[in-house]
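Analysis of the macromolecular model
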Amino acid sequence: MTESGDRLQKVLAQAGLASRREAEVWIAAGRVTINGRPATLGERVTGRDELRVDGRVVRRSRDASKLAATATVFLCHRSPGESLREELIPRLPRRTGLRFLTVSPMPLPDGGLELLTSDGALAERLQRRVREWSVECRVRIRGLLEPHSLEAIQRGELDDGRTLSVVEIEGSEEETDGANRWYRIVARGASGKDIRQLFERQGALVSRVQRTALGPLALTRDLNRGQFRVLSEEEATALVTAAPAPKRVSAARVPAAPARSSGGRTRGPRARRTRDR
């Protein structure tokens, strides 16, 4: 077993093939090989090792710093109530055995912008960064919010004691749907559940939450409900900029302890002798 490198189940998860637990089951069942031999649990692998699952070569997770418009990252316009696993994801182009991961998915009753990728390492990094991004949503409620309710939403207080940074909230005077009214809200690091809770805490009857922007990405007019597309080159660049790869820090060299003379006195560094010229 190689001492350096990453654990096998982590590499398989980063490749978007399975979760770490699923990968452990595959390894125990003998479905995974390393350089032609059966893999074992906890084994570490490097980029030089050839990995196969059920005889198929595993393509390693690409470095997100090299993300391009051709990478398997999709911007999706999810319809309200559309199931990610049963309806949206099965329509995405995929290789056999490849799974897609969703970054901060919206709750099932809601919809809007969804970001999906088959790159496990990228998905993990985006999931951490999304807490720092601004999120824009359109919220449809029954009736009209009073000014004091808007001020309370602006404070961003949630049931669990957290406080969101609400950047902006405004109602639409023109965009009405019978007794319903739409509101636009921008908050930092908010999930769809958080946005819904902000309104429901004020007694609002929320019928729909639609995410329209997530960090550097936004829904565009050419993307209708239920449709998806790969990121453009500009969007891919913006995504990488918003979620840069962590820098690798080399191990610091620990200086050797100063030597001691036979008399117990510490000797300093040996001075270099110079000749008088």
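Higher on the page you've got the structure.
All figures in this text were calculated on a predicted structure; none of them were measured in a lab.

**Things to note about the environment of V139**
With respect to the helices and strands, the residue V139 is situated in strand 10 (residues 134-142). Judged by its relative accessible area of 0%, V139 is buried. C-alpha separation for the pair V139 and R196, spaced 57 residues apart in sequence, amounts to 7.8 Å. Among residues more than four places away in sequence, those in contact with V139 are R181, W182, Y183, I185, I195, F199, V206, R208 and V209.

**Considerations on helix 2 (residues 20-28)**
Every α-helical turn comprises 3.6 residues, leaving residues that sit three or four positions apart pointing alike. Those residues of helix 2 that sit buried are A23, W26 and I27. In a view along the axis of helix 2, the buried residues occupy a sector of 100°, so they form one face of it. For helix 2, the exposed residues lying more than 90 degrees away from the buried face are R21, V25 and A28. G30 sits one or two positions beyond helix 2 and adopts a positive phi of about 80°.

**Some points on the packing of aromatic side chains**
For the structure on display, the rule yields three aromatic pairs. Ring geometry for F74 and F100: centres 5.7 Å apart, planes at 70°, overall edge-to-face. A residue pair is termed long-range when its members are at least 10 positions apart, and F74 in strand 7 (residues 73-78) and F100 in the loop between helix 3 (84-88) and strand 8 (101-103) qualify at 26 residues. Where Y183 meets F199, the ring centres are 6.2 Å apart and the plane angle is 55°; that geometry is what we call tilted.

**Comments concerning the pattern of salt bridges**
As a working rule, side chains carrying opposite charge can pair if their charged atoms are close by. All told, the structure shown has 19 salt bridges when counted by the stated rule. A salt bridge links R37 to E43; the shortest N-O distance between them is 2.3 Å. In this structure R37 comes out as partly exposed when scored by relative accessible area, which is 38%. Taking relative accessible area as the criterion, E43 reaches 2% and is therefore assigned buried. Here E132 ties to R129 by a salt bridge, and the two come within 3.5 Å at their closest N and O atoms. Several salt bridges share partner residues, and in doing so they unite E136, E168, E170 and R184 into one network.

**What about helix 5 (residues 147-155)?**
Looking at helix 5, one finds that the buried residues are S149, A152 and I153. For helix 5, the buried positions fall inside an angular range of 100° around the axis, keeping them on one side. Every exposed residue of helix 5 that faces more than 90 degrees away from the buried side is listed here: P147, H148 and E151. At the C-terminal side of helix 5, G156 shows a positive phi close to 75°.

**Overview of the environment of N35**
Positionally, N35 belongs in the loop between strand 2 (32-34) and strand 3 (37-38). The exposure class of N35 is partly exposed, given its relative accessible area of 45%. With 16 residues separating them in the primary sequence, N35 and L51 have C-alpha atoms 6.5 Å apart. Sequence-distant contacts of N35, defined by excluding residues within four places in its chain, comprise R48, D49 and E50. At 3.0 Å, the side chain of N35 forms a polar contact with the side chain of D49. For N35, the side chain forms a polar contact with the main-chain nitrogen of E50, separated by 2.8 Å.

Conventions we followed
Residues numbered from 1 in each chain as written. Predicted model: local features only at pLDDT ≥ 70, side-chain atom pairs only at ≥ 80, totals over all residues. Heavy atoms only, no water. Helix = DSSP H or I, 4+ residues; strand = E, 2+ residues; numbered from the N terminus. Buried < 20%, exposed > 50% of the residue type's maximum accessible area, 1.4 Å probe, protein only. Contact = heavy atoms within 4.5 Å. Arc of directions from axis to C-beta. Phe/Tyr/Trp six-rings, centres within 6.5 Å; stacked < 30°, edge-to-face > 60°. Salt bridge = Lys/Arg side-chain N within 4 Å of Asp/Glu carboxyl O. Polar contact = N/O pair within 3.5 Å; in protein donor to acceptor, adjacent residues only side chain to side chain.

None of this, on its own, says anything about what the molecule does.
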